Every structure is written in C-alpha cells, then in structure tokens.
Amino acid sequence: MVAYGAEQRVRLPALRAAWLTQTFLHWPYPAEAVQALLPEPLVVDEYEGAAWVGLTPFVMADVRPPGVPAGLPGLPTFPETNLRTYVRHPDGRDGLWFLSLEVACPLMLAARGVGVPYHPGSLDVTERGETVAYSGRRWTGRASYRLVVRPGGPVRRPTERDVWLTSRWRAYTRRLGLLWETPVEHEPWPLADAGIEVLEETLTASAGLPAPSGEPVVHFSEGVRHVRLGAPRPLPRAAAA
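J.: Please explain the pattern of salt bridges as it appears in this structure.
T.: Side chains that differ in charge, positive against negative, can pair when their charged atoms come close. Using the criterion set out here, one finds 15 salt bridges in the structure. One salt bridge in this structure joins Glu 7 and Arg 170, with 3.0 Å as the shortest N-O distance. Of the two residues, Glu 7 is situated in the segment before β1 (15-29) and Arg 170 in strand β9 (residues 170-175); the sequence distance between them amounts to 163 residues. Using a relative accessible area of 34% as the deciding quantity, one classes Glu 7 as partly exposed. Across the pair Arg 93 and Asp 91 runs a salt bridge whose closest N-O atoms are separated by 2.9 Å. Each of the salt bridges in this network shares a partner with another, and the network as a whole consists of Glu 7, Asp 91, Arg 93, Arg 170, Glu 181 and Arg 233.

Written as structure tokens, this is what we have:
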C-alpha cells in the first residue's frame, strides 16, 4: 500500500517549495498503453486492475534553495502542470514517472539535466468565486489544456484509492542511460472533493496516449507548504537495469 505520509526524511533538501491550489485528475488506462512509455526497468503500478494517468495543475510558491530563509524572496510564484503516471522499481519501491511537465518559469528547465521533461509555456491559475480555472499552452507544438473545477467539501477520511492516487514520495527520471531518483517530503495532502465544469486537453495525446475514456477521478487540495526535494541521484546500473 502506498504511504499516506512521507516515506523518508529529506534532511538536506536541494530545493524547498510550496505546492498550492492543486487539482488532481486521474484516468484509468490499460497497463500496456502506459508501459509502452516507460523505460526499463520501471514497470507500471496498477490499482483496481488499471494503470492511472494524472493531470495535476498547481502553483509553485516560495521556491528557494537550501539556506535561504523563508523571510527572503525566492523565485517568483508560478504555475506548473504535470502529466504523470505511477511506477515501481524492481526493488519494490513506488514512485512517479512524468510524461510531461508544463512550466511558466524558464529557470526550472535546468532540471532537464537529470531528464525531467519540462516544457516552457504560458500558464495561468485564477480563482473565480467558487471555481478555480487553469490553462496552459506550450511555446512550441500544440499541447494545451483548459480546466475549470469547483472544489467541494473536505475529504475527512481519505480512502485507499484517494491515497494511492495522490501520495508519492519519489520521482524517477532517465538521462544519459541512467535512471535517476529524486526523493520528496511534505505533509499529507489535505484533500477535498471537486467537480469539473470545463475540461479540454491535448497533453495526453502529445504524450503518446490514447484519448482518456470516461470521466476522471477528481480531487482538489489547497496545497502543502513544506515541500523538501532531495538532490537527484543516479541509481547504480545494476539497480537500473
């Protein structure tokens, strides 16, 4: 079972941040459709007999390297949107695999050095009364999305599926023939129900996936404010092959 709280302490973070105003959309997919997009030795993680792909727009705030006090300014607040799936390493540990990341801050493109698939674009997050609107368009290509959600009441007792879809404590990337692992630590997500009012997206098609079938599972979160990202580390070839 995926852990509700962080599986490890990140004692020496490479980056601190807050992830705010986050929506999680999740669609089930045939495992073979997702596995075709993964590098060896990662295997798709399944729940209820399906792979799951998540579209997760949010706001990055208080981004700062270690040693910069919270009272000093870090990077400007900016939107980001991830298209992700869930994987397992041969050692049994679960994590994220990013199919794409849309970002409005070009400085984040430095993470491409360890294989993070960032795409610069024009992104926006706007709270309008009782709804939250997200939109984005890549600077190159045609990938874009538009999403409007209406957050509902808090999820007092997250179900096993709620936790499985939202709680992951490491991300895998691949670069220069090596698999890299980035640990993450933060408080558990405070989840709420949400309804979709508008959904248009071409990110799944751009990633090489068939069109999602059916309505997604939706969660909303005000966010987590104490995110600690560890330094990416390459896994030994014996562990990555």
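J.: Could you clarify how one ought to interpret the nonpolar core in this entry?
T.: Across soluble globular proteins, you tend to see nonpolar side chains buried next to one another. With 35 residues, the main nonpolar core has Trp 19, Trp 52, Met 60, Phe 78, Met 108 and Trp 164 as its most contacted residues. Elements with a contribution of two residues or more to this core: β1, β3 (51-64), β4 (78-88), β5 (94-103), α2 (160-166), β10 (178-185) and β12 (217-229). Those residues in contact with Trp 52, other than ones at most four positions away along the chain, are His 26, Trp 27, Pro 28, Tyr 47, Arg 84, Thr 85, Tyr 86, Arg 161, Trp 164, Leu 165 and Val 217.

J.: Explain the environment of Glu 181 to me, please; I cannot follow it from the model alone.
T.: With respect to the helices and strands, the residue Glu 181 is situated in strand β10. In this structure Glu 181 comes out as buried when scored by relative accessible area, which is 4%. Considered as a pair, Glu 181 and Leu 96 are 85 residues apart in the sequence and their alpha carbons are 9.7 Å apart. For Glu 181, the residues in contact, after removing those within four places along its chain, are Arg 93, Arg 170, Ala 171, Tyr 172, Ala 231, Pro 232, Arg 233 and Leu 235.

J.: Even after reading the chapter, I still don't get the pairing of strand β11 (residues 191-201), so can you show me in this structure?
T.: On a regular strand, one side chain projects to one face of the sheet and the next to the other, so that they alternate. By the bridge criterion, eight bridges tie strand β8 (residues 144-154) to β11 in an arrangement that is antiparallel. When the bridges of β11 are listed, Leu 147 appears paired with Leu 199. Across three bridges, β11 lies against β12 in antiparallel orientation. Bridge pairing links Leu 191 to Ser 221 in β12.

J.: What is the right way to read the packing of aromatic side chains from this model?
T.: When we look at a pair of aromatic rings, we describe it by the centre distance and by the angle of the planes. In the structure shown here, the tally under the stated rule is five aromatic pairs. Taken together, a centroid distance of 6.3 Å and an interplanar angle of 20° make the contact between Trp 19 and Trp 189 stacked. Highlighted residues: Trp 19 in strand β1 and Trp 189 in the loop between β10 and β11, separated in sequence by 170 residues. Assigned by exposure class, Trp 19 and Trp 189 land together as buried. Three or more aromatic residues joined by ring pairs form one cluster here, namely Trp 19, Phe 24, Phe 58 and Trp 189.

J.: Is there a simple way to think about unusual backbone geometry in this case?
T.: Where the residue is not glycine, phi is negative for most of them; where a peptide bond is considered, it is trans in most cases. With an omega of 5°, the peptide bond between Glu 40 and Pro 41 qualifies as cis. Mapped onto the elements of the fold, Pro 41 is located in the loop between α1 (31-35) and β2 (43-44). Its identity is not glycine, yet Asp 62 carries a phi of approximately 55°, on the positive side. Here Asp 62 is to be found in strand β3. In this structure, Leu 176 is a non-glycine residue whose phi angle is positive, near 55°. When you line up the elements, Leu 176 lands in the loop between β9 and β10.

J.: For this particular structure, what's the right way to read the side chain of Glu 185?
T.: Mapped onto the elements of the fold, Glu 185 is located in strand β10. A polar atom in the side chain of Glu 185 sits 2.8 Å from the side chain of Arg 9. Not counting chain neighbours up to four residues away, the residues in contact with Glu 185 comprise Ala 6, Gln 8, Arg 9, Val 10, Trp 169, His 226, Val 227 and Arg 228.

J.: Looking at this model, I keep getting lost on the environment of Glu 197. Mind explaining?
T.: Note on placement: Glu 197 falls in strand β11. C-alpha of Glu 197 to C-alpha of Val 149: the two residues are 48 residues apart in sequence and 5.6 Å apart in space. Those residues in contact with Glu 197 that sit more than four places away from it in its chain are Thr 131, Val 148 and Arg 150. Looking at Glu 197, its side chain comes within polar contact range of the side chain of Arg 150, at 2.6 Å.

J.: I'm lost on the pairing of β1 in this one. Help?
T.: Within β1, twelve of the 15 residues are buried, leaving the element largely enclosed by the surrounding structure. Note that β1 and β3 share nine bridges and pair antiparallel. The partner of Arg 16 across the bridge, within β3, is Arg 64.

Rules used in this analysis
- Residues numbered from 1 in each chain as written.
- Predicted model: local features only at pLDDT ≥ 70, side-chain atom pairs only at ≥ 80, totals over all residues.
- Heavy atoms only, no water.
- Salt bridge = Lys/Arg side-chain N within 4 Å of Asp/Glu carboxyl O.
- Helix = DSSP H or I, 4+ residues; strand = E, 2+ residues; numbered from the N terminus.
- Buried < 20%, exposed > 50% of the residue type's maximum accessible area, 1.4 Å probe, protein only.
- Core = buried A, V, L, I, M, F, W, Y, C linked by side-chain atoms within 4.5 Å.
- Contact = heavy atoms within 4.5 Å.
- Pairing = 2+ DSSP bridges.
- Phe/Tyr/Trp six-rings, centres within 6.5 Å; stacked < 30°, edge-to-face > 60°.
- Polar contact = N/O pair within 3.5 Å; in protein donor to acceptor, adjacent residues only side chain to side chain.

Keep in mind that these numbers describe shape and distance, not what the molecule does.
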